[in-house]
Amino acid sequence: MQAVSKQTRSTRGASRRFLSVEQENSLRDRLLARDERALVELIDLATPWLLGVTQSMLSDPHEAEEIVMEAFHIAWKKIEIAPDAEGGLMPWLLRVTRNRAIDRLRAHRRHIVKTKRAETYADYGERVTQPLEPNEAGQPGWHVHDRVQAAIGELPHEQQKAVHLAFFRGLTHSEIAEELGIPLGTVKTRLRLAFGRLRGALGSLKDWLV
Amino acid sequence: MNAHEWYIENHTGYVARSLEQNELALFEEHLPRCENCRKAIQEIERDLSWLPMAVKPVAPRPGFTRQVTVSVLDHDVRPWWRRWVEPLALAAMIGLAIGLGVTSRRSGALSSKLAVATEQLDALSDTLGIMQKASRVLQASIKGDGYEGGMMIFADNASKRWKVIVHGLPTAPAGEAYHFWFICPDGVVKGAEVNVDPTHPAILTLTLPQDFGPVYGASLTMERLKDVGSTPHGRELANLTL
Ligand SMILES: [Zn+2]
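What this report covers is the structure whose coordinates are included nearby. Predicted model, so just to flag it, every value in this text is computed and none were measured.

Below, the discussion takes up the overall build of chain B. Of regular secondary structure, chain B possesses 7 helices and 8 strands. For chain B, contacts bridging at least 24 residues in sequence account for 56% of all contacts bridging at least 6. Looking at chain B as shown, the accessible area adds up to about 12500 Å², and 52% of this sits on carbon and sulfur atoms.

Right, let's talk about the overall build of chain A for a bit. A tally of helices and strands in chain A yields 12 helices and 0 strands. When the helices and strands of chain A are read in sequence order from the N terminus, they spell out α-α-α-α-α-α-α-α-α-α-α-α. Here chain A holds 210 residues, and the buried ones make up 54% of them. Here the contacts in chain A between residues at least 6 apart in sequence split such that 70% fall between residues at least 24 apart. When the accessible surface of chain A is split by element, carbon and sulfur atoms take 52% of a total near 9300 Å².

The next thing to look at is the sheet that holds strand β2 (residues 147-156) of chain B. All names here are of chain B. Reading across from one edge, β1-β2-β3-β6 is the order of the 4 strands in this open sheet, with antiparallel pairing throughout. Each edge of the open sheet carries a strand with a single partner, namely β1 (136-144) and β6 (202-207). On average, adjacent strands in this sheet sit at an angle of 15° to one another, irrespective of strand direction. Relative to β2, β1 is paired through 9 bridges, and the arrangement is antiparallel.

In an ideal tetrahedron of four donors about a metal, each angle is 109.5 degrees. In an ideal octahedron of six donors, the angles are 90 or 180 degrees. Residue and element names in this part refer to chain B. Looking at the zinc ion, the protein donor atoms are His-4 (NE2), His-30 (NE2), Cys-34 (SG) and Cys-37 (SG), and they sit 2.1 to 2.3 Å from it. Note that the zinc ion binds 4 donor atoms; their angles at the metal cover 106 to 113°, and the shape is tetrahedral. Donor residues for the zinc ion sit on one chain with the sequence pattern H-x25-H-x3-C-x2-C. As far as the burial class goes, His-30 and Cys-37 line up, both buried.

In this section: the packing of helix α4 (residues 61-77) of chain A against helix α5 (residues 64-74) of chain B. At their nearest, the axes of α4 of chain A and α5 of chain B sit 9 Å apart, and the two run at 45° to each other. In terms of their interaxial angle, α4 of chain A and α5 of chain B are classed as oblique. The interaxial crossing formed by α4 of chain A with α5 of chain B has right-handed handedness. Here Glu-65, Val-68, Met-69, Phe-72, His-73 and Trp-76 of chain A of α4 of chain A come into contact with α5 of chain B, specifically with Phe-64, Gln-67, Val-68, Ser-71, Val-72 and Leu-73 of chain B. Split by residue class, the contact of α4 of chain A with α5 of chain B holds 8 nonpolar, 3 polar and 1 charged.

So, about unusual backbone geometry. At Arg-34 of chain A, a residue that is not glycine, the phi angle is positive and equals roughly 60°. Judged by its relative accessible area of 10%, Arg-34 of chain A is buried.

Right, let's get into helix α10 (residues 157-168) of chain A. Residue and element names in this part refer to chain A. A rise of 1.5 Å per residue sets the reference length of α10, with its 12 residues, at 16 Å; its end C-alpha atoms lie 15 Å apart and thus fit the reference within 8%. Burial of α10 is extensive: 9 of the 12 residues sit out of reach of the surface. At the C-terminal side of α10, Gly-170 shows a positive phi close to 75°.

Enumeration according to the criterion identifies 14 salt bridges over all chains in this entry. Its salt-bridge partner being Arg-61 of chain B, residue Glu-65 of chain A comes within 2.8 Å of it at the nearest N-O pair. Separated into two different chains, Glu-65 of chain A in helix α4 and Arg-61 of chain B in the loop between α4 (35-47) and α5 make up a pair that spans both. A salt bridge links Arg-100 of chain A to Glu-70 of chain A, with the nearest nitrogen and oxygen atoms 2.8 Å apart. In this pair, Arg-100 of chain A is assigned in helix α5 (residues 89-107) and Glu-70 of chain A in helix α4, connecting sequence segments 30 residues apart. A residue is classified by how much of its surface remains accessible, and Arg-100 of chain A, at 33% relative accessible area, is partly exposed. Shared partners join several salt bridges into a network, and the residues in it are Glu-63, Glu-66, Glu-70, Arg-100 and Arg-104 of chain A.

Thresholds, definitions, all that
- Residues numbered from 1 in each chain as written.
- Chains lettered and ligands numbered in written order.
- Predicted model: local features only at pLDDT ≥ 70, side-chain atom pairs only at ≥ 80, totals over all residues.
- Heavy atoms only, no water.
- Helix = DSSP H or I, 4+ residues; strand = E, 2+ residues; numbered from the N terminus.
- Contact = heavy atoms within 4.5 Å.
- Areas by Shrake-Rupley, 256 points an atom, 1.4 Å probe, with all protein chains shown as cover.
- Buried < 20%, exposed > 50% of the residue type's maximum accessible area, 1.4 Å probe, protein only.
- Pairing = 2+ DSSP bridges.
- Axes fitted to C-alpha atoms, helices over the stretch in contact; angles between N-to-C directions.
- Donors = N, O, S within 2.8 Å, 3.2 Å for Na, K, Ca; no water.
- Tetrahedral: all angles 85-135°; square planar, octahedral: opposite > 155°, others 65-115°.
- Parallel < 35°, antiparallel > 145°, perpendicular 65-115°, else oblique.
- Left-handed = near helix turned anticlockwise from the far one by under 90°.
- Nonpolar A, V, L, I, M, F, W, Y, C, P; charged D, E, K, R; others polar.
- Expected span 1.5 Å × (residues − 1).
- Salt bridge = Lys/Arg side-chain N within 4 Å of Asp/Glu carboxyl O.

Following this line, the structure appears as structure tokens:
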């Protein structure tokens, strides 16, 4: 089946740098079939992004690696529950990873993490505008990163901050209010507005298409 | 704000997981009862599904991806027979699809989801039935501490019966027995207990199971008598694939 369908896929995907919906669905099918090579492919492709997510939340790089490993264990054991909607595998894996990282974060005493977080937060503005290293732009999925960064960049600065702390640092509303020294209601409003805009900007991004 | 408006206001907070613990508990209690909220949350999750990729990728340290692969596969706790029944079933389906000239239009239907592949397995049964017209002789050696024996299978496809010969093995330890299993698409089907006598080969005539799809192969295991059930639990001594 896959050999047959690859023929049609290769023509459609010829101009794409990496992981079209069809390729991703094929990967999911092969994972369902317990194809260990598919697992290796998935690990190679997704690890840099998942490590990015976990390292942004957890200050300990070993812990960040542990979470990524756990996510792949889940992916291999429970691939059947990954959404079979088009292009659903990578978002599912990202969500599993992020949720595990948040669970880990919340299991810790937060004050230690918070101290480190305050240090790294200062770097955030720079990270958004950092020039790309040539090899980074070749990373599969980089165009998605670009699109998402651009969408965040369109937000007013105070909304960017709130999204950053909520989504990429795993803080709760009250923690964000404390961190930024603003009322809880303001945090909620900023986040609601920000996520509303991001949905508009990213909702059409269904794929890793270049 | 009425009670339900509070949930609506906090949909994104729920998706982002930025709610407080008590708020989260309220949501989890509410969601099973409210289809509107469930749908809304699914939509938000879908729209924001790529948001985590705003974070720059991090190059893994050398050896990490290999470590992950080994760890994941080492903890694969499926029974040994499932680890190769499933790829075999997939391989057979792929072969069948190509053999039948299935077009790419059908590729979706021929996915490897074995649980829902009843139709494909029926077709597979026919194909392998044809293959089985050719008689086969299969052989595996079984080596252990102080012995070297083996298992041979003479597959008589016309009568759909196998002659199985097990030879050169020591008597089963107390409380254990040798068991022969057929490997079928839906799993392993019990064949028979094999009474091994070290001085004479054990010869069995077994009718292929009819209700489990085509037989792909066979396995010999050592089972504890108290554990013997419809699937093997014991140590595998040999397996043969058609
Ligand atoms: Zn509701």
